[in-house]
Amino acid sequence: MTSPLITALPTAARKLDPRLMWRNPVMFIVEIGAALTTVIAITEPLLGAPAGAGRPLAPSFTIGIAAWLWITVVFANLAEAVAEGRGKAQAASLRATRTSTPATRVIDYDETADATAERARVVEVSSADLTLGDVVIVVAGQVIPGDGDVVSGIASVDESAITGESAPVIREFGGDRSAVTGGTRVLSDRIVVRITSKPGETFVDRMIRLVEGAARQKTPNEIALNILLASLSIVFVIVVLTINPMAGYAGREVSIPVLIALLVCLIPTTIGALLSAIGIAGMDRLVQRNVLAMSGRAVEAAGDVTTLLLDKTGTITYGNRRATAFLPVGDAEDTELARVARLASLADPTPEGSSIVTLAEEQGQHEPPARGAIVVPFTAQTRMSGVDLADGTQLRKGAASMVSAWVAETGGIAPEQSRHLDEIVTRVSEAGGTPLVVAVRDAGGDARVLGVIQLKDVVKDGLVERFAELRAMGIRTVMITGDNPLTARAIAAEAGVDDFLAEATPEDKLALIRAEQSGGNLVAMTGDGTNDAPALAQADVGVAMNTGTSAAKEAGNMVDLDSDPTKLIDIVRIGKQLLITRGALTTFSIANDVAKYFAIIPAMFAAAFPGLAVLNVMALHSSASAILSAIIFNALVIVALIPLALRGVRYRPVSASRILSRNLLIYGLGGIIAPFIGIKLIDLIVSLIPGF
Amino acid sequence: MSARRGSARQAWVALRALLLMTVALGIVFPLAITAIAQLAFPAQANGSLVRSDGRVVGSALIEQSFTTAKGVALPQWFQSRPSAAGAGYDGRASGGSNAGPESHSLLTAIAARRAAIEKSDGVTADRIPADALTASASGLDPDISPAYALLQVPRVAAARGLSESAVRALVESRIQGRELGYLGEPVVNVLELNIALAALK
Amino acid sequence: MGAQLWLFAAQLGTVILVLAVAYRPLGDYMAFAYASPRHLRVERGFYRLIGVDPSSEQSWPAYVRAVLAFSTAGIVLLYALQRVQELLPWSLGLGPVNEALAFNTAVSFVTNTNWQSYSPEATLGFTVQFAGLAVQNFLSAAVGIAVAVALVRAFAARHSSTIGNFWVDVTRGTLRILLPLAAIAAVLLVAGGVVQNLDGFHTVTTLSGATQEIPGGPVASQEAIKIVGTNGGGYFNANSAHPFENPLPWTSMLQIILMLVIPFALPRTFGRLVNDNRQGYAIAAVMATFFVVSSTVMTLLELGGSGSAPRLAGAALEGKELRFGIVGSTLYGTSSTLTSTGAVNSMHDSYTALGGGMAMINMMLGEVAPGGVGSGLYGMLVIAVIAVFIAGLMVGRTPEYLGKKIRAREMTLASLYILTTPALVLAGTALSFAIPGVQADVTGTSIANPGLHGFSEVLYAFTSAANNNGSAFAGLTANTPWLNTALGVAMMLGRFLPIVFVLALAGSLAQQDPVPVTAGTLPTHRVQFGGLLIGTVVLVSALTYFPALALGPLAEGLLHS
């Protein structure tokens with residue numbers, strides 16, 4: 001912690017410029033006070049203490065106050081500078097990717113006749129000269145010169161400069177993996193890219209601005225909080241301005257430095273100093289999790305989210321259905337079913353096929369593939385696949401209706417068996433699985449059904465707990481899936497989501513978001529495809545996957561560089577943490593005032609009104625040391641809380657009531673008690689200084 | 001409708017509403033209450049006046065002085081609390097002294113009242129109850145504490161040539177306990193006590 | 001002291017019991033009175049005569065215009081009545097009231113403050129009292145409740161551009177709530193001995209042969225609404241200490257209950273109108289907590305009787321009526337200063353320094369516990385908005401209260417609301433001592449008790465005026481051009497600025513669609529939130545007024561305790 005503080009010092013000092021300070025009214029008041037006290041500290045020895053200032057205080061007192069007021073302002077700037085500094089490092093590495101690279105621009109690209117641009121004329125230009133709509137060719141080893149969409153070809157791309165992930169990713173024409181980012185490197189193959197960003201507005205440019213905090217705008221809650229802080233400051237300015245006329249009635253006016261000290265102690269400097277650092281650090285925490293928020297507003301909205309739309313595939317389940325059981329029909333043997341299922345799937349390249357093989361092998365089937373077998377591939381028409389062995393035996397697996405029909409061609413099924421099969425198929429479907437019926441026809445013989453392979457979506461580990469957490473936080477989860485309602489219901493129940501949308505089309509998704517929003521809910525979702533773009537734009541928090549299309553990335557207000565849909569939960573957490581940190585430090589700051597009053601009011605008036613000496617509950621050494629100690633505490637507490645501001649208050653997903661109780665106890669009650677102890681300790685040290 | 005036209009219309013509505021309300025609340029209501037009060041509770045509505053020897057001598061609710069014109073206590077009457085209403089006991093100028101707890105004039109006044117009672121009633125300072133030394137809020141407090149009334153018994157009896165026990169018995173019969181046992185304080189109404197006293201032979 | 005504490009506990013218990021019994025029926029009745037779609041026949045006639053359509057609703061700016069138009073008309077009429085007093089019937093031969101005093105008094109009664117710079121017996125005849133002051137006692141109270149109801153409606157509304165109809169609200173408040181209560185109260189008070197006649201003073205020869213003037217007048221009818229409407233302006237100078245305003249311990253208890261009954265039942269009305277009675281209980285419980293703690297502290301301080309004069313006399317009985325005793329006085333004083341009534345049955349100026357300070361603190365809390373009729377509820381709801389904001393952040397959500405989000409606009413209005421009164425109190429007090437000519441006048445003419453107590457008198461005056469309370473450290477001679485004007489301005493701004501902010505807040509809340517309640521929503525009906533609300537009220541006022549209190553009651557009280 002120490003070294004970032006020291007490296008940030010020069011920046012902190014530069015921020016003392018009043019034109020910059022003006023943006024933070026609370027600290028601006030402190031700076032004015034510091035300047036005023038400095039002037040008084042300089043002129044006082046020359047002009048003598050002002051008349052009617054009560055008991056004269058030592059000149060070293062005014063100097064001490066002035067010094068600590070400046071330190072207070074610097075500390076506040078330091079907090080911001082440190083927060084910004086963390087982003088700067090990231091920005092520097094990003095900037096390295098932005099240096100201009102040569103680009104091969106296609107002249108008069110013709111996407112119908114020459115999509116691969118093999119025959120087109122090209123010209124070498126600098127990446128900086130590319131504009132929206134240009135088409136470039138990038139081959140293995142080259143750096144992609146700008147953000148764009150792949151219009152032809154497929155390539156593996158190293159995006160580690162942006163994502164920090166070293167494994168290359170595939171970028172290809174069509175589908176949802178067509179977006180490429182300027183500054184990333186093509187590792188293999190050749191792609192044609194249409195540039196989709198203007199110069200200076202590329203994704204990397206935006207990232208740099210975001211992490212540096214240059215594009216930072218105050219968020220709605222921050223504005224509201226600033227209003228509260230400003231009005232509290234105004235109240236305290238009035239309080240302090242009216243003290244001398246009132247005390248003047250008894251002829252006990254207070255000197256200006258003492259009044260300034262009181263004012264600075266009362267206005268909410270702690271939160272005022274840390275407010276912008278908290279915001280920057282919140283964004284930074286997202287960046288550290290490889291999420292880029294396009295605005296602070298989006299981060300705040302994440303904390304408010306009440307409905308989370310989660311795609312089933314990839315988010316809730318592992319993405320591919322897997323075989324989880326062999327269910328024999330009638331008198332068929334388990335082992336035979338497993339054996340046939342395996343043999344029928346050995347040549348099946350799909351993940352489902354290999355999961356069948358794996359399951360069968362787990363059950364002890366290791367028969368080598370038969371020689372001379374002919375693979376019967378899956379087609380949309382037959383909806384079956386399998387192999388025809390050299391001996392004429394035909395093995396098939398596929399949709400129940402199709403396989404049944406195939407069996408019926410030669411012989412058919414006994415009614416009892418048929419009923420049993422239907423029963424199993426229905427059971428599997430209702431449990432959210434997909435039934436694959438396995439049948440065999442021996443050479444020249446009749447076909448018969450062996451049983452059913454149960455394919456199931458496998459829900460990711462730990463999700464049930466996470467959804468329970470979300471529920472405790474007051475967030476409803478809705479699973480979006482293309483499955484039929486039966487399957488969807490079963491998976492929804494297994495994963496523990498609150499609701500589901502089955503057979504969802506992009507339009508359904510959009511309609512659902514609108515419906516939720518009209519009920520006052522704030523909706524968060526993830527998406528990657530171009531057809532997700534309207535929903536991403538409509539959602540209050542739309543997280544686009546970095547692997548997705550540029551349309552999706554444009555529409556969302558966050559981009560997840562890891563393309564991990566479960567990240568949404570982290571994002572919500574960070575959003576909440578950001579608000580909690582602000583609220584907690586505001587409470588702390590205001591609660592601190594109680595002790596400061598007990599330090600300063602007796603120091604101001606006890607000499608004039610002996611009755612008030614009983615308010616000196618901390619038994620502070622002298623008036624001068626009491627006031628200076630309060631000011632020093634006020635300054636030090638800012639530095640002490642910088643780590644908390646950057647890290648964020650601890651957040652646990654429990655009910656609002658429990659969070660509030662905990663934070664009230666720590667930051668409310670703690671905020672009342674801590675300064676009593678702190679000021680007393682500082683006073684013990686200050687009282688050792690001669691003159692205090 | 002523009003804001004200005006709206007305001008002008010509102011002002012006109014406001015005026016009519018106010019005048020109608022004034023008739024209802026400012027004229028009809030008080031007159032109706034007066035009628036009810038005069039019919040149902042004429043004695044209270046007209047000031048709870050009390051008579052002695054056939055003439056009205058004041059209101060049971062309003063404290064009066066039993067002093068000479070110069071304010072010297074008449075020993076034959078039970079004395080009321082000190083009054084800060086006008087020049088004292090002024091029915092046209094109700095009010096307290098409004099002297100603060102550190103007020104010099106109040107400290108002086110308390111000391112003087114105490115000295116006077118010590119002298120007139122021959123008691124030590126610690127026996128004098130606070131109500132005898134302090135002015136009430138209205139300056140028209142009709143009551144004194146039983147302690148203060150009993151303290152005055154020997155003086156009044158002596159001044160009237162009555163037996164102390166008869167006067168004491170009179171006072172004791174006039175002590176009103178707390179309403180419902182817990183509202184207010186036990187008090188003695190001075191005017192009614194003195195009327196009864198005058199009738200005591 | 002032990003016996004006195006039992007008495008206090010019993011009396012406080014009585015108050016709480018009666019309020020608790022009245023809470024549901026009265027609160028429900030008021031909710032019904034404002035929410036009912038039906039108009040009484042007399043109301044329909046009234047709307048026709050004043051030319052409004054009772055079924056049309058107003059946007060918040062229109063509502064504000066109506067409030068201001070009605071109140072301005074009230075001030076003008078009341079000012080005019082005082083200025084032409086000698087021309088009016090039943091004026092007891094009293095002349096016109098001077099400009100500054102007439103202004104102050106007109107503002108005072110229209111703003112529900114009822115600060116009295118004058119001595120009524122010597123200044124105002126019957127006509128001004130009942131056709132002017134008593135009318136405003138009704139109307140200012142009805143305006144207060146109307147504004148509160150408009151705010152409550154806004155919380156309950158979904159996506160609405162209107163917040164109700166002021167003319168309907170003020171008419172119903174007057175005719176359906178205040179008038180019946182006042183009529184019952186008036187008859188009860190007459191039964192207890194409050195006078196109600198049209199006679200002037202009549203002179204009697206006292207038992208000892210002196211002469212005394214016994215006052216008369218339509219006191220009970222005015223006293224009733226003075227208390228029910230939390231107005232507090234006395235028919236007599238001694239206010240409710242006067243035996244003709246408050247003759248007996250039980251009438252005093254009745255007045256305490258009547259002061260508190262509407263303000264304490266309004267949270268129920270609130271709960272009913274927002275369809276969540278628990279919200280009402282929470283607000284009422286917070287108010288009750290303040291009431292219990294504050295009355296206990298003040299009673300202990302007065303029974304303790306610190307300070308030179310109470311010690312010398314043996315008890316803090318200066319300025320207190322014996323029939324009420326100390327306990328009956330402090331309970332009344334607490335009720336009056338916590339409700340913005342400002343009626344007194346004892347003279348707060350003569351309280352012990354800290355006891356009198358407690359009366360000041362009660363007002364400095366912002367008149368929200370339970371506060372004046374209507375104004376207490378809307379004040380408490382605004383502070384709840386602030387509390388919700390900080391608490392809402394601390395649970396990690398954009399803060400919301402009853403499903404309405406507290407964003408920049410709501411926060412601005414709530415902040416302005418809490419800023420107004422302290423600014424008026426502190427600026428008014430400071431200016432009284434800062435402007436050279438004024439300072440001489442204030443210290444020379446106005447202050448009755450020089451020194452620290454004198455400062456308290458001025459601080460009390462501005463606290464009372466800006467918070468629309470109306471009670472006083474009555475030693476202060478306030479009938480001076482500066483104080484009449486400055487306090488008049490403080491009362492006016494202290495009443496109407498907050499009302500404008502509240503109605504603007506209502507407008508912006510009404511427009512919102514409520515956010516659904518989830519486990520992530522901060523519950524605002526639990527003990528936890530109640531505690532937070534108490535903390536916010538205390539902290540906001542303590543931080544604002546601590547230096548001023550230190551220079552007055554604390555300096556005086558701690559020195560002599």
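Residues numbered from 1 in each chain as written. Chains lettered and ligands numbered in written order. Predicted model: local features only at pLDDT ≥ 70, side-chain atom pairs only at ≥ 80, totals over all residues. Heavy atoms only, no water.

Asker: Could you clarify how one ought to interpret the pattern of salt bridges in this entry?
Answerer: Oppositely charged side chains may form a pair once their charged atoms are brought near each other. Within the structure shown, the criterion is met by 38 salt bridges over all chains. Between A:Glu361 and A:Arg342 there is a salt bridge whose closest N-O contact spans 3.3 Å. Here A:Arg342 lies in helix H11 (residues 334-345) and A:Glu361 lies in helix H12 (residues 351-362), a separation of 19 residues in the sequence. For A:Glu361, a relative accessible area of 31% corresponds to the partly exposed category. Between C:Arg323 and C:Glu321 there is a salt bridge; the shortest N-O distance is 2.6 Å. Judged by relative accessible area, C:Arg323 falls into the buried class, the value being 2%. Among the residues examined, C:Glu321 registers a relative accessible area of 0% and is labelled buried. (Salt bridge = Lys/Arg side-chain N within 4 Å of Asp/Glu carboxyl O. Helix = DSSP H or I, 4+ residues; strand = E, 2+ residues; numbered from the N terminus. Buried < 20%, exposed > 50% of the residue type's maximum accessible area, 1.4 Å probe, protein only.)

Asker: Teacher, can you tell me more about the interface of chain C and chain B here?
Answerer: For interface size, the figure often reported is the accessible area lost on association. The partner chain B presents 92 residues to the 99 residues of chain C that form the contact. For the chain C and chain B pair, buried surface summed over both sides reaches about 7700 Å², with 65% attributable to carbon and sulfur atoms. Interface area lost by chain C to chain B is led by C:Leu207, C:Glu318 and C:Leu322, which between them contribute 11%. Our enumeration of links across chain C and chain B arrives at 2 salt bridges. The salt bridge involving C:Glu213 is made with B:Arg92; its shortest N-O contact spans 3.0 Å. (Contact = heavy atoms within 4.5 Å. Buried area = accessible area lost by both parts, 1.4 Å probe.)

Asker: Help me out: how do you make sense of the UniProt feature "transmembrane region" (unreviewed entry) in chain B in this one?
Answerer: On the UniProt side, "transmembrane region" (unreviewed entry) is annotated at positions that read residues 12-41 of chain B here. Within the segment residues 12-41 of chain B, helix and strand shares are 97% and 0% respectively, and the terminal C-alpha atoms sit 41 Å apart. (UniProt positions renumbered as here; feature names shortened; annotations may be inferred.)

Asker: What's the story with the confidence of the model for chain B in this structure? I'm lost.
Answerer: Atomic detail in the predicted coordinates should be set aside for any region of low pLDDT. Across chain B, the average pLDDT comes to 94, with 98% of residues at 70 or higher. The ipTM value of the predicted complex is 0.96, and its pTM value is 0.89. (pLDDT = per-residue confidence, 0-100.)

Asker: So what exactly am I meant to see when it comes to the UniProt feature "binding site: Mg(2+)" (unreviewed entry) in chain A here?
Answerer: Residues and elements named next belong to chain A. Sequence positions flagged by UniProt for "binding site: Mg(2+)" (unreviewed entry) are, in local numbering, Asp528 and Asp532. Structurally, the position occupied by Asp528 is in the loop between strand E18 (523-527) and helix H18 (533-538). The partly exposed category is assigned to Asp528, whose relative accessible area is 27%. In this structure, Asp532 sits in the loop between E18 and H18. Look at Asp532 and you get buried, because its relative accessible area is 8%. Residues contacting Asp532, with those up to four places away along its chain left out, are Lys509 and Gly527.

Asker: I'm lost on the packing of aromatic side chains in this one. Help?
Answerer: Aromatic ring pairs are reported here in terms of the distance separating the ring centres and the angle at which the planes meet. Enumeration over the complete set of coordinates arrives at 22 aromatic pairs over all chains. Measuring from ring centre to ring centre gives 4.4 Å for C:Tyr460 and C:Phe473, while their planes differ by 20°; the resulting arrangement is stacked. Of this pair, C:Tyr460 sits in helix H17 (residues 452-466) while C:Phe473 is found in the loop between H17 and helix H18 (481-511), placing the two residues 13 residues apart along the sequence. Side by side, C:Tyr460 and C:Phe473 carry an identical accessibility label, which is buried. One aromatic cluster is present, formed by A:Tyr597, A:Phe598, A:Phe676 and C:Phe546 through successive ring pairs. Above the plane of the ring of B:Trp77 lies B:Arg160, whose end atom (NZ or CZ) is 4.4 Å from the centre. Positioned above the aromatic ring of C:Tyr351 is the side chain of C:Lys320, whose terminal nitrogen or guanidinium carbon lies 4.2 Å from the ring centre. (Phe/Tyr/Trp six-rings, centres within 6.5 Å; stacked < 30°, edge-to-face > 60°. Lys NZ or Arg CZ within 6 Å of the ring centre and 35° of its normal.)

Asker: What should I look at first to understand the sheet that holds strand E8 (residues 291-293) of chain A in this one?
Answerer: Pairing between the strands of a sheet comes from backbone hydrogen bonds, and it takes one of two forms, parallel or antiparallel. All names here are of chain A. Within the open sheet, the 7 strands sit side by side as E8-E20-E19-E18-E9-E16-E17. Their pairing is mixed. The strands lining the two open edges of the sheet, one partner per strand, are E8 and strand E17 (499-501). Put simply, the sheet's adjacent strands are angled 20° from each other on average, direction ignored. The pairing of strand E9 (residues 307-311) with strand E16 (residues 476-480) spans 5 bridges and is parallel. Bridging across to E16, Leu309 finds its partner in Val478. Helix H16 (residues 485-495) rests against E16 and E17 of the sheet, and its axis sits at about 150° to E17. Of the strands in this sheet, E8, E9, E18, strand E19 (541-545) and strand E20 (558-560) touch helix H20 (residues 567-605), which is tilted by about 160° from E9. (Pairing = 2+ DSSP bridges. Axes fitted to C-alpha atoms, helices over the stretch in contact; angles between N-to-C directions.)

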